[in-house]
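# A closer look at the structure
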Amino acid sequence: MKKSLFFLLFLIAFSSNCYSQFTPSIHNYTLAEYKAGNQNWDISRADNGKVYVANNSGLLEYDALVWKFYPLPNKTIVRSVLAVDDIVYTGSYEEFGYWKHNDFGVLKYFSLSEMIPDLISPNEEIWEIISFNGKIIFRSFLNIYIYDFENVIQLRPGSVIISCSVVEDNTYVSTLNEGVFLLKGNTLEPFYFNNKLLDTKIISINKYQGKLLLMTSLKGSFFLDNDQLVPTNFEINEQIQRQQLNEFSVLANGDMVFGTIKDGVYLTDNSGKSKFHISKENGLFNNTILGQSVDNTGNLWLGLDNGIANIELNSSNYFFNDVSGKLGAVYDVVKFKEVIYIGSNTGLFWLDDNEKLQFIEGSQGQVWDLEVIEDQLFCGHNEGTFIVDKDQFTNISSYTGGWTIKKVPEREHTYIQGTYSGLVKFEKISGEWHVKHLGKTTIPSRFLVFENPHTAWVAHATKGVYKVNFDDDYNAITAVKDYHDKGISSNYNVRVYNIRNNISFKSNEGWQKYEPILDSIVPYELLNNLLGKNSYIISDDNTDLIALKNKDGFIKFKSFDSKNDEFFLNDVFLKNRYIVGYENVSRVNDSNYALNLDNGFMVINSTPAMDTNLYKPNIESILISDSSVNLTDIDNGEIEFKFKESITIELSSSKSLNHFFEYSISEDNTSEDDVLWSKIDGNKVEFSNLIDGDHVLSFRASDNAGNVSPVQLLEIEVYPPWYRDTLGYFLYFLLAGLIIFIFYTLHNKKIVKEQRLIKIKYQKEQQKLLREQTLENEKRIIQLKNESLQNEIKLKSKQLANNAMALVKKNETLQDIKKDLMVNKDGFNNYYSYKKIVKKLDNSIVLKDEWEVFENNFSQVHDEFFEVLKAKHEVLTPKDLKICAYIKMNLSSKEIAPLMNISVRGVETHRYRLKKKLNLENDISLVDYLLNIKN
């Protein structure tokens, strides 16, 4: 009832009889996505949400995230498919049977035609499968095969079988030339025949207001009531006859879906009046409908001659699509005087009564902004600003790039526009618009809001924000203040809004606001929390319901006053159609908004949609190191596998829409608040290098609106590695014993070796001590010998000294005697005797050989003293050597003087000269030097 009411409101809002250009949301799946043949002959959605498609190459399975392909054993075309409970029945070339998941989650095929190999006709193909009274019926053009889960029974009428239809408790079998039969048990009973139906393909038989409705391929539709065949008065009849009907379905609300061979799908109400025409012209990849199916959620699935499509018939949002490329990227949509105007990068368009695009001549180029101002439609264009009246396009301003235009607060008929070259004033005087550039600033002004009647804020794409002040008459800008150094977190991509009388800014870093008291820009935590740090507004900021685009590319509608009005456009297919950076949501009427898209726009019903349900994920298969796991083990307990093995888990949540999976790993005792969720890319997740022990794997389906499904749990146990298992501990015990044995053995050997070494060491030490004692004794002997020699030297030195003194005394005595003789020379009578005595005395005194004897003895005592002294000091005279020897003998100057036959003063003088010859420093004693001189 709600859906019908919305359709009625939608029809009234757009004032049209046929909305062929407007369509529900269409999701196309290309051959590149499902990776199989191009033709898709039949389609069926199972109760678990999975979609199965009969494809040229085999069977396709779709779980709302991933397509899987399953070829038949004989590699033939699959012509028909039907999902019943958890079994999928298929019919193909000379073959029919069913598919079922085994305990390992693998879809396996089981042939039923093998039960009746002799009954299958050559080149026979199964084109239709239906379920009736707990039996599965397979239809070819020649036969009907009934499978009662034990046997297969063949029935053959006398004419080509066109279709089988289940109506309440009856199954109707339509033939080409023999009319309609009724299936009773395992027999076919004639039900109705009319010559009008000869050579007629009856596509479907349905119940309609107490009558049977027969849909034909080329002859339209008929009512069968009381055996009377009456043509219907459906408005759609002409189209389906001309375009060749191939598929027919009735929705729960009575609406009808007509799939044609030539022109896509027609959707009508229960009276056959057209609501939508969906074709290649407005969104389908292909116009040939080979198979169609309406699932229990109201979604229409189409098998096309080239591709697969899903149409959300239950959605309250609709699209205007232009696949011709004529429209281009849409930047703004507005409804003015019951006409929809669309501004794009190629120009300005409007929709005629048949919802066909009409181009306004002269508008070619970029359209930025469409605004209804004082009952006139303004178009901000790349070439200036224009007033639009149906197909009239009148220029009123040549200032290029009319991005945005805002009314001046508290002043009538005055507006300020942001353009490429700055701010422009528009004022209506006497019914005429007067335009003036306000000068002062020429910065491009895409975003403009008023703080008060004479103050506005302008945002530049790369230079931050500016506060602009106007004079009283708005004829000029009086001041422009730059705020890029006054707290703005980033000067790039800044957007400015007036939200509840707060000048608010959205930059790359989040939300901020202007604080008048501080004359600065400060963080705005309220909006960061309320709207989201990474969301920006793409609609008018002064309405109760605003549109936000978040970082994930999804659009959220939010009310500042009520949380119940919030809803998401959580459609992954929209993301590829956004005009990134120029997204715009404009209000069409009280309940509808328009979102600009590439090649069209989306009409959004602001009535809160039904809650999006996300369903608990199912575990489809488990692989442990490429080996499949029996899924019954999940119910029987935890999954166990070895350390270092990887586990791969495949998930599905086929009933969920626009979802992705998340997982978490926790221990048994982990609190739910501590669980960290991670996103899964696709429908499979692999865990490797898990530590040993018990783990709980949690899975859930999530969407970008923040909705989550119930959690699917999987308990696993990772065996410890062998080195921490029984085998490891046993080996550790053996190894420990071996180590202890080896240690004991080696220790004993070491003790024996150490004892031997100690003994050897002791012997060596004894020998060393003996040698040291011997050496000590020898040293002592040598020392004693040296002491003896020293004593001997001292003795000889003393003897030399004594000899020298004795010689001195002798010479003194002889000198005295000589003097006395010379004094008493006259007392000698014999002068000859006198001379002889004096001569003897002189010879005794001189005695030159005595020095040589002394020198020789001295050298023996003092280790070649004279040779060393002469070698070091060649300048020394014999006299010098003598005095050195006397000094060496430690004789004083007084003792040396008589030996040298000179005075004591002469000895001192000679000693001084000797010190000079020896080059001795003043602080070096001559005695010390001579006593210690060495070779």
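The structure contained in this document is the topic of the report that follows.

Cut-offs applied
Residues numbered from 1 in each chain as written. Predicted model: local features only at pLDDT ≥ 70, side-chain atom pairs only at ≥ 80, totals over all residues. Heavy atoms only, no water. Phe/Tyr/Trp six-rings, centres within 6.5 Å; stacked < 30°, edge-to-face > 60°. Helix = DSSP H or I, 4+ residues; strand = E, 2+ residues; numbered from the N terminus. Buried < 20%, exposed > 50% of the residue type's maximum accessible area, 1.4 Å probe, protein only. Pairing = 2+ DSSP bridges. Patch = residues over 30% accessible without salt bridge, like charges linked within 9 Å, V, L, I, M, F, W, Y side chains within 5 Å. Areas by Shrake-Rupley, 256 points an atom, 1.4 Å probe, with all protein chains shown as cover. Salt bridge = Lys/Arg side-chain N within 4 Å of Asp/Glu carboxyl O. Lys, Arg positive; Asp, Glu negative; His and termini not counted. Charge placed at Lys NZ, Arg CZ, Asp CG, Glu CD. Core = buried A, V, L, I, M, F, W, Y, C linked by side-chain atoms within 4.5 Å. Contact = heavy atoms within 4.5 Å.

### Here's the deal with the packing of aromatic side chains
- Under the defined criterion, the tally for this structure stands at 48 aromatic pairs.
- Summarising the aromatic geometry, the rings of Tyr89 and Phe138 are spaced 6.2 Å apart at their centres and angled 70 degrees between planes, so their arrangement reads as edge-to-face. Here the residue Tyr89 occupies a position in strand 8 (residues 87-92), and Phe138 occupies one in strand 12 (residues 135-140), the gap between them amounting to 49 residues.
- Tyr89 gets classed as buried once you look at its relative accessible area, which sits at 2%.

### Looking at helix 11 (residues 893-900)
- For helix 11, the full list of buried residues reads Ser893, Ile896, Ala897, Leu899 and Met900.
- One or two residues past the end of helix 11 sits Asn901, with phi positive at roughly 60 degrees.

### Points about unusual backbone geometry
- Phi at Glu410 is positive, roughly 60 degrees, even though this residue is not glycine.
- Its place among the elements puts Glu410 in the loop between strand 39 (404-407) and strand 40 (414-419).

### Comments concerning the sheet that holds strand 64 (residues 684-687)
- Strand order across the open sheet formed by four strands is 59-58-61-64, with antiparallel pairing between neighbours. Single-partner strands in this sheet number two, and they are strand 59 (627-628) and strand 64.
- Summarising the sheet, strand 58 (residues 618-624) and strand 59 pair through two bridges and their orientation is antiparallel. Each residue of the ladder has a partner; that of Leu623, found in strand 59, is Ser628.

### Quick word on a negative patch on the surface
- Together, Glu640, Glu667, Asp694 and Glu715 give the surface a local cluster of negative charge.
- Relative to the assigned elements, Glu715 resides in strand 66 (residues 712-718).
- You can call Glu715 partly exposed: its relative accessible area is 45%.

### Some thoughts on the nonpolar core
- Counting 30 residues, the largest nonpolar core has Leu284, Leu302, Phe320, Ile342 and Phe601 as its most contacted members.
- For Leu302, the contacting residues outside a window of four places in its chain are Ile43, Val265, Leu284, Ile289, Gly291, Gln292, Gly307, Ile308, Ala309 and Ile311.
- Counting 26 residues, the second largest nonpolar core, distinct from the first, contains Leu531, Ile538, Ile546 and Leu595.

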